[in-house]
Every structure is written in structure tokens, then in C-alpha cells.
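Structure assessment
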Amino acid sequence: DDTRNPKLPDALAQEVREVAARMDREITDGYERQAVITAAASTLADAGQWKTSDDLLKANLAKSHSSYYLMSQLADNARKQGNPVEALRWYEEAFAKSEGPATRLQWGSSYLAALVDLAPQDAPRIEKTVSQLLTEAASQPNAFYERSARSLQKVGKKVADWNKGGEHAAEVQRMKSQLGAVCGKLDAKDPQRGTCDALFTPAVPKA
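All of the points below concern the structure found in this document. (Residues numbered from 1 in each chain as written. Predicted model: local features only at pLDDT ≥ 70, side-chain atom pairs only at ≥ 80, totals over all residues. Heavy atoms only, no water.)

With 16 residues, helix α9 (residues 169-184) should cover 22 Å at 1.5 Å per step; its first-to-last C-alpha distance of 22 Å lies within 8% of that length. Looking at α9, one finds that the buried residues are Glu 171, Val 172, Met 175, Leu 179, Val 182 and Cys 183. All buried residues of α9 lie within an arc of 110° about the axis, which places them on one face of the element. In the core, the buried residues of α9 are packed alongside α7 (123-138), α8 (146-162) and α10 (191-197). (Helix = DSSP H or I, 4+ residues; strand = E, 2+ residues; numbered from the N terminus. Expected span 1.5 Å × (residues − 1). Buried < 20%, exposed > 50% of the residue type's maximum accessible area, 1.4 Å probe, protein only. Arc of directions from axis to C-beta. Contact = heavy atoms within 4.5 Å.)

As C-alpha cells, this is what we get:
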């Protein structure tokens, strides 16, 4: 998994390419394509066939009913190849194209995590992304339950990591103010309230 360009026998590398190409040609069902193309592109990447993997994903963007899955994979490919600018472009586009309340929070949290990891110096972009996620969460009745809650907790953890030394205190304070307004609209007895209130509160280490 951590080898960018593994050395494979030529015959095996060729077989990987040929099987992926055959699947791309022959599979017509949209849902089957979604599963198989992403798996094939991942296998190509594992085999160090990065360009072929990228080309396969890009060629299927217009054919996919959920292209943001393929965009996330393109982002991962770029990241593994050491191209953070290209990776962030694809992560951002994947978030922009994602659909469904819980899905948007999940893809948004992944974009935010990538921003913190790859461009921690870009405070305006990070703050803007967190603000957008909080705005979207505020419009959802169950944003602090289950899958959506996990996505937002991931955001909270990445923000805490980003501000570990206190160098982004001003930005985080503005985030907390926005979050406070969101939490304040939840009933005090609603289990979501506790999750919301704790979002930007660092976990206390266990003794």
C-alpha cells in the first residue's frame, strides 16, 4: 500500500490493464459500473499504473450516477503521487458534486481533512469550508445523529489538530460562535445537543 511504483512482472501489469479495459468496454449497467470501475481503478493504482487509473476514472465521470466517488478516487491518486494541489482540486470538486444531506457532510469532512493535512497554511479556505459544513448541518434535522454526527466529529477533531498550538485561535473562535448558534436551536433534551456542544471541545485523555 505504501509503494508508489511496485515492480510487477510485465505480463501481470499487462493483464491488470487488459482486464480493466475489458470491464470498461463490456459493463453496461450503471450501478455495476460504479462498483467495478472504482475497484478496477484502485487495482490499477495498486499496480503503479497511475495514468491508466486516472484515465479510467476521468473517462467514466460523465457515465457515473455518483461521479463524486470517482472524483474522490482521483484525489486519492493525486495525493499518493505527491501532488497536493491536484488532490485538493479533486477533493473540492467531489464535495461540490456530492448529493444528499449525510453524504455532503461526509464528503465535506473528507475535503476539510485533506485541507488540514495538505494545506494547513490556508486558513481562509479551511475556515470557509468549516463554515459551509456548519451552515449545511444547521439546515438538517438529524445532523448530529449517527453517520452525519461522525462526519462532523471528524471535522471537530481535524480542527483541534490544526489549532493544536493555538495559532489559529481567532478562526476557531469564529467557528465556535457559529456552532453555538447551531446548537442553541436544538432542544436541551435532544441527544443531538450534547454532540453538537462537544464538537470543538478537545477530548480529555483518559487517566
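What follows picks up the thread again.
Below, the discussion takes up the nonpolar core. One finds Val 130, Phe 144 and Leu 179 to be the most contacted residues of the largest nonpolar core, which totals 51 residues. Examining the composition of this core, we find that 7 residues originate from one element, helix α6 (residues 101-118), more than from any other. With near-sequence residues (within four places) excluded, Leu 179 lies in contact with Leu 134, Phe 144, Cys 196, Leu 199 and Phe 200. (Core = buried A, V, L, I, M, F, W, Y, C linked by side-chain atoms within 4.5 Å.)

Our focus in this paragraph is the state of the cysteines. Counted under the stated rule, the structure contains 1 disulfide. Across the disulfide from Cys 183 sits Cys 196; the S-S distance is 1.9 Å. Here Cys 183 and Cys 196 share a disulfide; its torsion about the S-S bond, -90°, makes the bridge left-handed. Taken together, the positions of Cys 183 in helix α9 and Cys 196 in helix α10 put the pair 13 residues apart, joining distant regions of the chain. In this structure Cys 196 comes out as buried when scored by relative accessible area, which is 0%. (Disulfide = S-S within 2.5 Å.)

Moving on, we come to the side chain of Ser 67. Within the fold, Ser 67 resides in helix α4 (residues 67-80). Residue classification places Ser 67 among the buried positions, given a relative accessible area of 15%. Setting aside residues no more than four positions away along its own chain, Ser 67 makes contact with Leu 61 and Lys 97.

A word on α4. The end-to-end C-alpha separation of α4 is 20 Å, in line with the 20 Å expected for 14 residues at 1.5 Å each. Burial within α4 is extensive, with 10 of its 14 residues counted as buried. Considered for burial, the residues of α4 that qualify are Ser 67, Tyr 68, Leu 70, Met 71, Ser 72, Gln 73, Leu 74, Ala 75, Asn 77 and Ala 78.

What follows deals with the packing of α6 against α8. Contact geometry of α6 with α8 gives a least axis separation of 8 Å together with a crossing angle of 15°. In this view, α6 runs roughly parallel relative to α8, as classed from their interaxial angle. Between α6 and α8 lies a crossing of left-handed hand. Together, Ala 102, Thr 103, Leu 105, Gln 106, Ser 109, Ser 110, Leu 112, Ala 113, Val 116 and Asp 117 of α6 and Arg 147, Ser 148, Ser 151, Leu 152, Lys 154, Val 155, Lys 158 and Trp 162 of α8 make up the contact between the two elements. (Axes fitted to C-alpha atoms, helices over the stretch in contact; angles between N-to-C directions. Parallel < 35°, antiparallel > 145°, perpendicular 65-115°, else oblique. Left-handed = near helix turned anticlockwise from the far one by under 90°.)

So, on to the pattern of salt bridges. Enumeration according to the criterion identifies 12 salt bridges in this entry. For Arg 22, the salt bridge identified is with Glu 26, shortest N-O distance 3.7 Å. A residue pair is termed a helical-turn pair when its members lie 3 or 4 positions apart in one helix, as Arg 22 and Glu 26 do in helix α1 (residues 10-26) at 4 residues. Note that Glu 92 and Arg 125 form a salt bridge whose closest N and O atoms lie 3.4 Å from each other. Linking Glu 92 in helix α5 (residues 84-97) with Arg 125 in helix α7, this pair joins segments that are 33 residues apart in sequence. By relative accessible area, Glu 92 is classed as partly exposed at 38%. Arg 125 sits in the partly exposed class, given a relative accessible area of 24%. Sharing partners across several salt bridges, the network here consists of Arg 79, Asp 117 and Lys 158. (Salt bridge = Lys/Arg side-chain N within 4 Å of Asp/Glu carboxyl O.)

Distances and angles like these do not, on their own, reveal function.
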